[in-house]
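Chain by chain, the residues:
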Amino acid sequence: MGLIPQRWPERTGPAPDPPPWPHVGPEGPPLLVLIDRRDPDVRALRPPLGDLLDPGERQRLGRLRGEGDGERFLLGRGALRLFLGSWLGCDPAGLVLGSGPHGKPELLTAPPAAPRFNVSHSGDLILLGFHPRRPVGVDVEQRRPVPEWEGIARRCLPPGEREAIGRLPEPRREQAFLAAWCRLEAQLKARGQGLFGPPPAPGEPAPVVWPLVLPEGYVGAAALA
């Protein structure tokens, strides 16, 4: 059964409450937060969330030229800062955020109790995942035609998964590929690895993966390493 992300914000106002701290055990699923930039309440939050970005993030924001790229980055990074600052009892704008070797965002000055987190966005959705102890990965994709899916699947997906997609009726294959791609990306992000990184070490447990229940037109997955 798929996980249903929590929509944010839940109420209107200039300073909506962040989600509650992810009080889950080590085997529990991550806290998932979904932001839809079509929501008028979300659009009203762009200025205050933008004020939380540091100078480097503002420069990165200014370089983003693609359709919606800047808004997705602003909302995702601003919300991430707001949530972490609230949970850790510190100034959200003062958090020092960086990126791992494969671009996964990380808190560079994290206290021991800081949650692990990940961010993904596509189309109008921004998805954030948090866990108090375990590395987390999330991925969301807007449903769309993927005519080149077979070539990508040959390079990236396990043979059994490729074959299962190929046995489906042709109209369902591209969307099944997108779902498989989200599961793959979520696992890689949870492990902090790139697409062509080294294989798992012998005996290393595979990440736990969940499909997500998302608005019409989107597919996604979350994983814990």
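Parameters and conventions
Residues numbered from 1 in each chain as written. Predicted model: local features only at pLDDT ≥ 70, side-chain atom pairs only at ≥ 80, totals over all residues. Heavy atoms only, no water. Phe/Tyr/Trp six-rings, centres within 6.5 Å; stacked < 30°, edge-to-face > 60°. Helix = DSSP H or I, 4+ residues; strand = E, 2+ residues; numbered from the N terminus. Buried < 20%, exposed > 50% of the residue type's maximum accessible area, 1.4 Å probe, protein only. Axes fitted to C-alpha atoms, helices over the stretch in contact; angles between N-to-C directions. Parallel < 35°, antiparallel > 145°, perpendicular 65-115°, else oblique. Left-handed = near helix turned anticlockwise from the far one by under 90°. Contact = heavy atoms within 4.5 Å. Nonpolar A, V, L, I, M, F, W, Y, C, P; charged D, E, K, R; others polar.

Draft legend 1. Quick look at the packing of aromatic side chains. Tallied over the entire structure, the rule returns seven aromatic pairs. Look at Trp 8 and Phe 83: their rings are 5.0 Å apart centre to centre, the planes differ by 85°, and that puts the pair in the edge-to-face class. Taken together, the residues Trp 8 in the loop between strand E1 (6–7) and strand E2 (31–36) and Phe 83 in helix H4 (residues 69–88) connect sequence positions 75 residues apart. Each member of the pair Trp 8 and Phe 83 is classed as buried. Counting every residue linked through ring pairs, the aromatic cluster contains Trp 8, Trp 21, Phe 83, Trp 87 and Phe 130.

Draft legend 2. Spatial organisation of the packing of helix H5 (residues 149–156) against helix H7 (residues 170–191). Across the interface, H5 lies against H7 with an axial gap of 11 Å and an inter-helix angle of 30°. With respect to H7, the element H5 is oriented roughly parallel. Between H5 and H7 lies a crossing whose hand is left-handed. Residues Trp 149, Ile 152, Ala 153 and Cys 156 of H5 form the contact with H7, whose participating residues are Arg 173, Glu 174, Phe 177, Trp 181 and Leu 184. For the contact of H5 with H7, a count of residues per class yields seven nonpolar, no polar and two charged.

Draft legend 3. Representation of the environment of Gly 98 in the model. Along the chain, Gly 98 turns up in strand E3 (residues 97–99). C-alpha separation for the pair Gly 98 and Glu 10, spaced 88 residues apart in sequence, amounts to 28 Å. Those residues in contact with Gly 98 that sit more than four places away from it in its chain are Lys 104, Pro 105, Glu 106 and Leu 108.

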